[in-house]
Amino acid sequence: MKLKALLAGAVLAAALAAPAAAQAPQVNIQAVTQPNPAIPQYTRVDIPLLRDGLAARSNNRIRVTLSSWPERNLNGPEIIRLVRSGQVEIGGVPLNTVAGDVPMLDMVDLAGLNPTIQQARQVAEALTPDLNRQLERFGVRIIAMAPYPAQVLFCRERANTLAELRGRRIRTGGGSINDFVSAIGAQPVGIGFPEVYAALERGVVDCAITGTGSGNAARWYEVTTHMYALPVAWSVYGYFANLNWWNRLDAPARDLITQTFREVEDQQWKLGDEASEDGIACNTGQRQGCSIGRVVENRPMTVTRPTPADLQTLRGVLTDNVLPAFVRRCGAACGETYNRVVAPISGVRFEAR
């Protein structure tokens, strides 16, 4: 299958580079994809495949002006609106960050839903058709989904169990992780990713949830001491495209962009898996296991792994708190969609109460 995909990409690239295609109009894409320009999702995947790769494959017919959120002074929630308005053609943002606009987006990565990254991808792919039916009513569609590393807790003080998080102020990216934090007796605080470092440094929050590698790239180890490595979620994010722009693309351009985003997806899921343990090793100063991120040599963090009891508690929070709260926000139809699409994968059904 991989050979077929490579051959298909080569054929599409050749078509775009052919003399007849050379007369086709230039395709200029404004894309804003990642919350930090230093994270490997940006440097290792988006830059080489989207910015550089599409230009090379199309003989410079398709040009991508690629930016991270801080380079455009963005915090995340507004990105899907920029895509919808056509101010950017493609935007990347975690689904829970923009679930206030389309609540069903939160279903992909509910807190406690996916114990493994492999299941997270299975759920994301299964839900894509239903999500796009919702999004296309607003002039937007998902053209790819991908994860960050396992979403864990970076804390200013030690936390060995979920019970020890009670009463703490915990930064979240929004969505169902707020329900998880509230259910364990902590206080969820909404802060945009670029502002979290300063909030931790000043003690505005006691802990913050992000990917093991994402926190490393953002140097959160400088303002925290302890990592509680409970995989609450995977911060699955979408690459959203403006639907009118997408539909106006000629077939060769759209096919090449589609093929490129399939490769982006494969690379980002692979990276998310590898970066989860790599981020733990890097933040705790284990040079041998740190090949993606930055090894912390000065004051490495301490890590605590979740106990079986805490993993069971997380599953119970999903069943008793997270899933019912999600359906209340999203509506009964979302509960039906969850049971039809997700429950056969997760083994957890939504039961109306």
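The notes below deal with the structure included here. Computed from a prediction, not measured in an experiment: that's the story for all the values here. Each residue is numbered by its place in its chain's sequence as written, counting from 1. It should be noted that, the model being predicted, local features are given only for residues of pLDDT at least 70 and side-chain atom pairs only at 80 or more, the latter also being counted only at that level, while totals for whole chains, interfaces and linings use all residues. The basis for the side-chain values is all heavy atoms of the structure; hydrogens and waters are excluded.

A word on the pattern of salt bridges
- Here, a salt bridge means any Lys or Arg side-chain nitrogen found within 4 Å of an Asp or Glu carboxyl oxygen. Following the criterion strictly, the structure yields 17 salt bridges and no others.
- Note that Asp 52 and Arg 51 form a salt bridge whose closest N and O atoms lie 2.8 Å from each other.
- Where Glu 125 meets Arg 121, a salt bridge forms, and the shortest distance between an N and an O atom there is 2.8 Å. One end of the pair is Glu 125 and the other is Arg 121, both in helix H5 (residues 117-135) and 4 residues apart, which spans about a single turn.
- Salt bridges here are not isolated pairs; linked through shared partners, they connect Asp 106, Asp 179 and Arg 329. Going along the chain from the N terminus, every DSSP run of H or I of four or more residues is numbered as a helix, and every run of E of two or more is numbered as a strand.

A short note on the pairing of strand E6 (residues 169-172)
- Examined bridge by bridge, E6 and strand E7 (residues 187-190) share 4 bridges and lie parallel to one another. Paired with Arg 169 across the two strands is Gln 187, which belongs to E7.
- Read as a crossover between parallel neighbours, the route from E6 over helix H6 (residues 176-183) to E7 is right-handed.
- As judged from the 2 bridges shared by E6 and strand E8 (residues 207-211), these two strands associate in the parallel manner. Across the sheet, Ile 170 pairs through a bridge with Cys 207, a residue of E8. In this analysis, strands are considered paired if DSSP registers two or more bridges between them. Assignment of crossover handedness uses the view with strands pointing away from the viewer, where a clockwise path from the first strand over the helix to the second indicates a right-handed crossover.

Structural notes on the side chain of Arg 61
- By the secondary structure assignment, Arg 61 is in the loop between helix H3 (40-57) and strand E2 (62-68).
- Any residue under 20% of the maximum accessible area for its type is buried, any over 50% is exposed, and the rest in between are partly exposed; the area is computed with a 1.4 Å probe on protein chains only. Residue classification places Arg 61 among the buried positions, given a relative accessible area of 6%.
- For Arg 61, the side chain forms a polar contact with the main-chain oxygen of Pro 25, separated by 2.8 Å. Polar contacts here mean pairs of N or O atoms no more than 3.5 Å apart (in protein, one a potential hydrogen donor and the other a potential acceptor; neighbouring residues in sequence count only if both atoms are side-chain atoms).

Remarks on the sheet that holds E6
- The strand order across the open sheet built from 6 strands is E7-E6-E8-E5-E9-E11, with neighbouring strands paired in mixed fashion. Pairing within the sheet leaves two strands with one partner each, and these edge strands are E7 and strand E11 (302-304). Taking each pair of neighbouring strands and ignoring which way they run, the sheet shows an average axis angle of 35°.
- Relative to strand E9 (residues 226-233), strand E5 (residues 151-155) runs antiparallel, the two being bridged by 4 bridges. Within E9, the position partnered with Leu 153 by the bridge is Tyr 228.
- Should any heavy atoms of two residues lie within 4.5 Å, those residues are counted as being in contact. Between N-to-C directions, angles span 0 to 180 degrees; the directions come from axes that are lines fitted to C-alpha atoms, helices contributing only their stretch in contact. Packing of helix H10 (residues 251-283) onto the sheet brings it into contact with E5, E9 and E11, and relative to E9 it is tilted by some 170°.

Focus: the packing of H5 against H10
- Orientation of H5 relative to H10, taken along the N-to-C sense of each, is 150°, at an axis distance of 10 Å. The pairing of H5 with H10 is recorded here as roughly antiparallel in orientation. Judged by the twist between their axes, the crossing of H5 over H10 is right-handed. In contact with Ile 117, Gln 118, Ala 120, Arg 121 and Ala 124 of H5, H10 contributes Glu 265, Asp 266, Trp 269, Gly 272 and Asp 273.
- Class assignment of the residues belonging to the contact of H5 with H10 gives a composition of 4 nonpolar, 2 polar and 4 charged. When an angle is under 35 degrees it counts as roughly parallel; over 145 it counts as roughly antiparallel; between 65 and 115 it counts as roughly perpendicular; any other value is oblique. Note on convention: the crossing is left-handed when the near helix lies turned anticlockwise from the far helix by less than a right angle, right-handed when the turn is clockwise. Classification convention: Asp, Glu, Lys, Arg as charged; Ala, Val, Leu, Ile, Met, Phe, Trp, Tyr, Cys, Pro as nonpolar; all other residues, Gly among them, as polar.

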